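Each chain, written out:
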Amino acid sequence: MQSPFEPKILAFLCNWCSYAGADLAGVSRLQYPPNIRVMRVMCSGTVSPHHVIHAFQRGADGVLVAGCHIGDCHYIKGNYMTLKRMTFVQELIRFAGYNPERFRLEWISSAEGVKFAEVARDFTEKVRSLGPAPPFEASPRLAMGI
Amino acid sequence: MKTKVRQLLEDGRVDAFLAYKTIHGVPYPALFTRENVDELEPWAPFKARYPVTKILLAQARQNPEKTYGVLVRGCEERSLNELFKWNQLARDKVVVLGHACTEDLALYCECPKPYPDQLDYGEAPAPVSKSRRLEELEAMPENDRLQWWLSHFNRCIRCHGCRDVCPVCFCTECSLEHKELIPAQKLPPDTSFHLVRAVHMAGRCIDCGLCEEICPAGIPLRALYKRVNHLVENIFQYKTGVADGKSPFTMLGDESFLPAGPR
């Protein structure tokens, strides 16, 4: 029997706000699906397009990038870069033919444990409804086929 | 052309001038100085294109105190503007003479500005604002487009030709060569090779199309970068290659136009 599809979601959470927000969600005993795999980064601005695309290539069904709210960045202006870069990356994967809804950018502060749980639930359901992600990796087999 | 360049060289305005020399019937970029200015040929329209501003950048890096003149097309002038803005070349160390592209070259490139602002030779052909290859791609269903791109990326032999020929790829260290970010010794390389290069081209690509022409695997990179330019224009209201302004990605803070997003 085939087991039902469980999405794999990779979340990049910034050390100062969103990771603390996720921590708060846990400490507050808030329920959210276990599909989110967290990766802590020092600032959401350090998340390179390399990381996002790499995650999709290695089989992530969704990628979440979360950082401090605009104006609250621990490094003053790191998340301005996140916003500019990630908006661009999202539009680019749309053009590459990949569903841009598999990618999400959110601002979650360290006090927003409830918001983190909500985003986790909402995003997991969204990705679940989209189904397994199509392969995003170039393979020589494909080249021969087409 | 000879008189103008000779004048520039004799006045000491430039130390060398980068123009073309016909070798075996094909124009080839060559550096002219006071010694060999007599070899300069009269200007005539031609279709061959070279990364002249990249050659200029290499020259200027070796001889930072020298002043250069250069003969540019529309796209090459745009790349010069970008190199000025990204602080790779000094504006006062470069003198520009411009020449227009031919009409069929403009159509082939689907070039929105096939002539430089500084137009000295030739007549400006009509700009081509619409890109048919891009429209066809955008009309494709999402999944077909993914397969289309993957089938092209699969042919990549990782020669780095697109990067090496690119007039605005000026970094001395390139993340495409990072062994962990893009695993080494893997063919075809990861999809991120092309997509990350596309991200890096945002706010830089001036749509010269040399990447596509040089690609030995014939990957239609130009459509990808044309789209990148449209995105930068739509999201950040910034037109790459214009003489003033700065790329939104060079500004750390909120000085640039911020896209709509979660706040």
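Please refer to the structure higher up on the page.
To start, this report covers the structure provided alongside it.

Reading the values: the criteria
- Residues numbered from 1 in each chain as written.
- Chains lettered and ligands numbered in written order.
- Predicted model: local features only at pLDDT ≥ 70, side-chain atom pairs only at ≥ 80, totals over all residues.
- Heavy atoms only, no water.
- 1 Å grid on protein atoms, 1.4 Å probe; cavity = no way out; pocket = protein on both sides within 12 Å on 5 of 7 lines; lining within 4 Å.
- Points joined across faces, edges and corners; volume = space filled by probe spheres on them.
- Helix = DSSP H or I, 4+ residues; strand = E, 2+ residues; numbered from the N terminus.
- Nonpolar A, V, L, I, M, F, W, Y, C, P; charged D, E, K, R; others polar.
- Contact = heavy atoms within 4.5 Å.
- Buried area = accessible area lost by both parts, 1.4 Å probe.
- Salt bridge = Lys/Arg side-chain N within 4 Å of Asp/Glu carboxyl O.

### Details of the layout of surface pockets
Residue and element names in this part refer to chain B.
For step 1, the next point in the chain: For the largest pocket, the calculated volume is near 510 Å³.
For step 2, the next point in the chain: The wall of the largest pocket is formed by 25 residues, among which Arg-78, Pro-112, Glu-233, Lys-239 and Thr-240 lie closest to the centre.
For step 3, the next point in the chain: Listing elements by their share of the lining of the largest pocket, those giving two or more residues are helix H3 (74-85) and helix H10 (221-236).
For step 4, the next point in the chain: Element by element, the count of residues in the lining of the largest pocket is highest for H10, at five residues.
For step 5, the next point in the chain: Its residues placed into classes, the lining of the largest pocket shows seven nonpolar, eight polar and 10 charged.

### Describing the interface of chain A and chain B
For step 1, the next point in the chain: With 40 residues of chain A at the contact, the number on the chain B side is 49 residues.
For step 2, the next point in the chain: Each partner contributes to the roughly 3900 Å² buried at the junction of chain A and chain B, and carbon and sulfur atoms together form 71% of this total.
For step 3, the next point in the chain: Across the pair Lys-186 of chain B and Glu-137 of chain A runs a salt bridge, and its minimum N-O distance is 2.9 Å.
For step 4, the next point in the chain: Mapped onto the side of chain A that touches chain B, the elements with two or more residues apiece are helix H2 (49-57), helix H3 (78-95), strand E4 (103-107) and helix H5 (140-145) of chain A.
For step 5, the next point in the chain: A total of 12 residues in the side of chain A that touches chain B trace back to one element, the largest contributor, which is H3 of chain A.
For step 6, the next point in the chain: For the side of chain A that touches chain B, a count of residues per class yields 23 nonpolar, nine polar and eight charged.

Nothing here speaks to function; it is geometry throughout.
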